[in-house]
Amino acid sequence: MATLVWDYTREYESERKDILDAVETVFSSGRLILGPSVSSFEEEFAAYHGVAHCVGVDNGTNALRLALQALGVGRGDEVVTVSNTAAPTVLAIDAVGATPVFVDVHPDTYLMDVEQVAAAITPRTKALLPVHLYGQCVDMAPLTELARRHGLLVLEDCAQAHGARHHGRVAGSIGDAAAFSFYPTKVLGAYGDGGATITNDATVDANLRRHRYYGMEKTYYVVETPGHNCRLDEVQAEILRRKLTRLDEYVAARQAVAARYAEALADTDLVLPATAPGNTHVHYVHVVRHPRRDDILERLKAHDIHLNISYPWPVHTMTGFAHLGYAEGSLPVTERVAGEIFSLPMYPSLPQDAQERVVDALKRVLATL
């Protein structure tokens, strides 16, 4: 039987009754769009993060895009972020007409190297966009202090960090706003697509609600400012409500899987995940590193183990962003780790025997290199 990086079917088996009850609740409510499930999920998700407002949207990309718009980021502005991220982070910046400016990542955590941000700030810089990658947070204290000194906004990309903590604070509660994805693989995943933006700023919240609903505010058919159709689905919202009550359980299960990997692979020459000081890692993706990554992945296929890479192509190297002018070697750490990292299976319902099978095969492959 093939071993994959992610599989939702075991989770569905254990939660099937609750998931189907969520669907029935919505279908029998008479409200399929922006009804009580969305509003209740928004209240509960905001409360989990200790913030005042949450706006549910249709996916994580639009959570970022609408957040940038609601914060007033647009054409002519620059947003400092990283290239070691999923492309949607940068696509959202491009979508509002702003220009992404990349800094390199830390060689141990692969997160934004905050010490490089000051040099990237120009008179056009409007916002800093840290990506809480793989399940842990960027070093936020110096970043927010830098933003304060320069009068910049901070938008947290929390697509991979549901439930992560940074010096005791929940990821997403630190900046001016934060965007989340509920793509099914996420720590808090829907059974379809979904996203949300959270904030403590009432004006940002109002802007978000207007932007997600065509730009309409009080009266249907009356567009106050041009907006979009980016509504979170009622069914997904109700499922997410149920799963939110189990989020900390999902995190604990992922941490247990990570601990088993750490113990079993400690005597190999793999570079294992490092947790930055002050962070509680939720292990959305369990990223390891080896200079012969491609050989390892190819040889694991013989054991019917199929792994993936997050991410093999840094955004600044993609043809779609060639116009930004980043030459090869401009982000040396990002480029180097992209050729060495790969992800081991990681999800709460990963069976221990399946994990042991991956570890055993991986050790056998490493011994042949």
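Structure first, text after, so check above.
Now for a quick tour of the structure. (Residues numbered from 1 in each chain as written. Predicted model: local features only at pLDDT ≥ 70, side-chain atom pairs only at ≥ 80, totals over all residues. Heavy atoms only, no water.)

1. A short note on the pattern of salt bridges
Point 1. Scanning the entire structure with this criterion turns up 20 salt bridges.
Point 2. Across the pair Lys363 and Asp267 runs a salt bridge, and its minimum N-O distance is 3.8 Å. Of the two residues, Lys363 sits in helix H12 (residues 352-368) while Asp267 sits in the loop between helix H9 (247-264) and strand S11 (279-280), which places them 96 residues apart along the sequence.
Point 3. What makes Asp267 exposed here is its relative accessible area of 62%.
Point 4. It is possible to trace a salt-bridge network through shared partners that takes in Glu15, Asp18, Asp21, Glu44, Glu238, Arg241, Arg242 and Arg246. (Salt bridge = Lys/Arg side-chain N within 4 Å of Asp/Glu carboxyl O. Helix = DSSP H or I, 4+ residues; strand = E, 2+ residues; numbered from the N terminus. Buried < 20%, exposed > 50% of the residue type's maximum accessible area, 1.4 Å probe, protein only.)

2. Thoughts on the nonpolar core
Point 1. If you look at the biggest cluster of nonpolar residues, it comprises 83 residues, and the most contacted ones within it are Phe45, Val73, Val117 and Phe182.
Point 2. For this core, the element with the most residues is helix H3 (residues 60-70), which contributes six residues.
Point 3. With residues near it in sequence (within four places) discarded, Phe182 still touches Phe41, Phe45, His162, Leu188, Gly189, Ala190, Gly192, Gly194, Gly195, Ala196 and Leu240.
Point 4. If you look at the next biggest cluster of nonpolar residues, it comprises 24 residues, including Ile296, Leu300, Leu344 and Leu366. (Core = buried A, V, L, I, M, F, W, Y, C linked by side-chain atoms within 4.5 Å. Contact = heavy atoms within 4.5 Å.)

3. What about the sheet that holds S11?
Point 1. Pairing in this open sheet of three strands is antiparallel, and the strands run S8-S7-S11 from one edge to the other. Only two strands of the sheet have a single partner each, and these edge strands are strand S8 (169-170) and S11.
Point 2. Here strand S7 (residues 165-166) runs beside S8; their pairing, made up of two bridges, is antiparallel. Following the sheet pairing, Arg165 is matched in S8 by Val170. (Pairing = 2+ DSSP bridges.)

4. Considerations on the environment of Ala237
Point 1. Position of Ala237 relative to the elements: it lies in helix H8 (residues 234-244).
Point 2. Setting aside its immediate chain neighbours within four residues, Ala237 contacts Ser37, Val38, Phe41 and Leu232.

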